[in-house]
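Structural features, examined
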Amino acid sequence: MPVRESEALILRSYPFREADVVVSFFTRDRGKLRGIANGVRRPKNNRFGVALERMAHSRVVYMQKENAELVGVRRAELVGPANLWKADYPASVMLDIIAETSDRILPDSEVQDAYFRLLRLIVEEFQRGIRGADSSGDPPAWAHRALVYFLLWSARLGGWLPPLERCIESDTPFAPDETAYFSAGREGLFRAEFKDPGAWRIPPESRTLALRMLKSRPDQFDDSGWPTAAAFELQRFLLQRTQAQLESRLRGTDALQALWSDPEQATGG
């Protein structure tokens, strides 16, 4: 039974037996794996520390039997700063959405280097944001920016991001100042003349923001100039597309809704 060591990002864990947990972790060289880590729920004997916390960037040592569904996690050591657990509630909710989406979207045992690099970038943004965070309790712009950036690039890498500059019904480009629309039963954006009663708007500022994000890193945006309203509209569209791909609602959207005074603005209902 070979012992392997992989750079990994921890996606989620849940209790297994009396003191153990099952961990879902995304490795750079072998894709997403699941394994049993013994003794994690015994505080005095937990040799893993925070290395198996959600979205921790760790180096995981594990044993893998041929054709076994679960690997045996033997050791895990942090690679990046151990500060994600210090995230305030709003930032933690957004990090939960990122972890949940990744765990549900990624196939088992399939190498996805571009997605791994995306998650590394997002984790670095959270580490940097937490170091400089204030205690206002409001949803921080840096965390919101990281969430929207992740949802956009996750859709792009997964192949379910529709064209942002053309109407899917008329196959013609939108005017620079034209508001587009989307709805749950259709896969792209369309003009006002094609909208149905359940359609949501996505203004030109949101499409412009998306196109900028597809050409930039998240740290290239200034928090003081973060276009909050346009970002909300874009987030709603991206969450709709992600949940359509999953064919179910993300569990974390209820908590995400509660962060803002207008829940529908944040997630699209």
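Residues numbered from 1 in each chain as written. Predicted model: local features only at pLDDT ≥ 70, side-chain atom pairs only at ≥ 80, totals over all residues. Heavy atoms only, no water.

1. A closer look at the sheet that holds strand β4 (residues 57-63)
- Strands sit in the order β1-β2-β3-β5-β4 around a closed barrel of five strands; the barrel is mixed. The sheet shows a mean angle of 50° between the axes of neighbouring strands, taken without regard to direction.
- One ladder, built from seven bridges, connects strand β1 (residues 3-16) with β4; its direction is antiparallel. If you follow S6 over to β4, its bridge partner there is V60.
- Against the sheet, helix α1 (residues 89-105) touches β1, β2 (20-27) and β3 (31-37), its axis set at about 110° to β1. (Pairing = 2+ DSSP bridges. Helix = DSSP H or I, 4+ residues; strand = E, 2+ residues; numbered from the N terminus. Axes fitted to C-alpha atoms, helices over the stretch in contact; angles between N-to-C directions. Contact = heavy atoms within 4.5 Å.)

2. Focus on the environment of S6
- Counting through the fold element by element, S6 comes out in strand β1.
- Separated by 54 residues in sequence, S6 and V60 place their C-alpha atoms 5.4 Å apart.
- Once you skip the residues sitting within four places of it in the chain, S6 turns out to touch T27, D29, S58, R59, V60 and Y62.
- Only 2.8 Å separates the side chain of S6 from the side chain of D29, close enough to count as a polar contact.
- Within the local environment of S6, its side chain forms a polar contact with the side chain of Y62, the two groups lying 2.9 Å apart. (Polar contact = N/O pair within 3.5 Å; in protein donor to acceptor, adjacent residues only side chain to side chain.)

3. What to know about unusual backbone geometry
- Backbone geometry places M55, a non-glycine residue, at a positive phi of 70°.
- Here M55 shows up in the loop between β3 and β4.
- Owing to a relative accessible area of 0%, M55 belongs among the buried residues under this scheme. (Buried < 20%, exposed > 50% of the residue type's maximum accessible area, 1.4 Å probe, protein only.)

4. Digging into the nonpolar core
- Residues M55, L119 and F126 are the most contacted members of the largest nonpolar core, which totals 62 residues.
- Only β1, α1, α2 (113-131), α3 (141-158), β6 (180-182), α4 (204-213) and α5 (228-246) provide two or more residues apiece to this core.
- A per-element tally of this core places α3 first, with 11 residues.
- With near-sequence residues (within four places) excluded, M55 lies in contact with L9, I10, L11, L84, L95, I98, A99, L119 and V123.
- One finds L33, A37, L52 and V73 within the second-largest nonpolar core, a separate group that totals 17 residues. (Core = buried A, V, L, I, M, F, W, Y, C linked by side-chain atoms within 4.5 Å.)

5. Here we look at the packing of α3 against α5
- The N-to-C vectors of α3 and α5 enclose an angle of 40°; their axes lie 9 Å apart at closest approach. Relative to α5, the element α3 lies oblique. Along this stretch, α3 crosses α5, giving a crossing that reads as left-handed. Seen from α3, the contacting residues are H144, L147, V148, L151 and L152; seen from α5, they are T228, A231, F232, L234, Q235, L238, L239 and T242.
- A per-class count over the contact of α3 with α5 returns nine nonpolar, four polar and no charged. (Parallel < 35°, antiparallel > 145°, perpendicular 65-115°, else oblique. Left-handed = near helix turned anticlockwise from the far one by under 90°. Nonpolar A, V, L, I, M, F, W, Y, C, P; charged D, E, K, R; others polar.)

6. A look at the confidence of the model for the chain
- Considering every residue of the chain, the mean pLDDT works out to 90; 93% of them sit at 70 or more.
- Mean pLDDT per element in the chain: helix α7 (residues 263-267) is the minimum at 45, and β6 is the maximum at 97. (pLDDT = per-residue confidence, 0-100.)

7. Focus: α2
- Spanning 19 residues, α2 covers 27 Å between terminal C-alpha atoms, matching the ideal 27 Å at 1.5 Å per step.
- For α2, the full list of buried residues reads Y115, F116, L118, L119, L121, I122, V123, E125, F126, Q127, G129 and I130.
- As for α2, its buried residues are in contact with β1, β2, α1 and α3. (Expected span 1.5 Å × (residues − 1).)

8. A few points about the pairing of β1
- Where β1 meets β2, eight bridges bridge the pair, whose relative direction is antiparallel. Within the sheet, the bridge partner assigned to P15 lies in β2 and is V21.
- From the end of β1 to the start of β2, which pair antiparallel, there are three residues, and R17 there has a positive phi angle of about 55°.

9. Focus: the environment of G225
- Structurally, G225 can be placed in the loop between α4 and α5.
- Put simply, G225 and A141 are 84 residues apart on the chain and 9.5 Å apart in space, counted from C-alpha to C-alpha.

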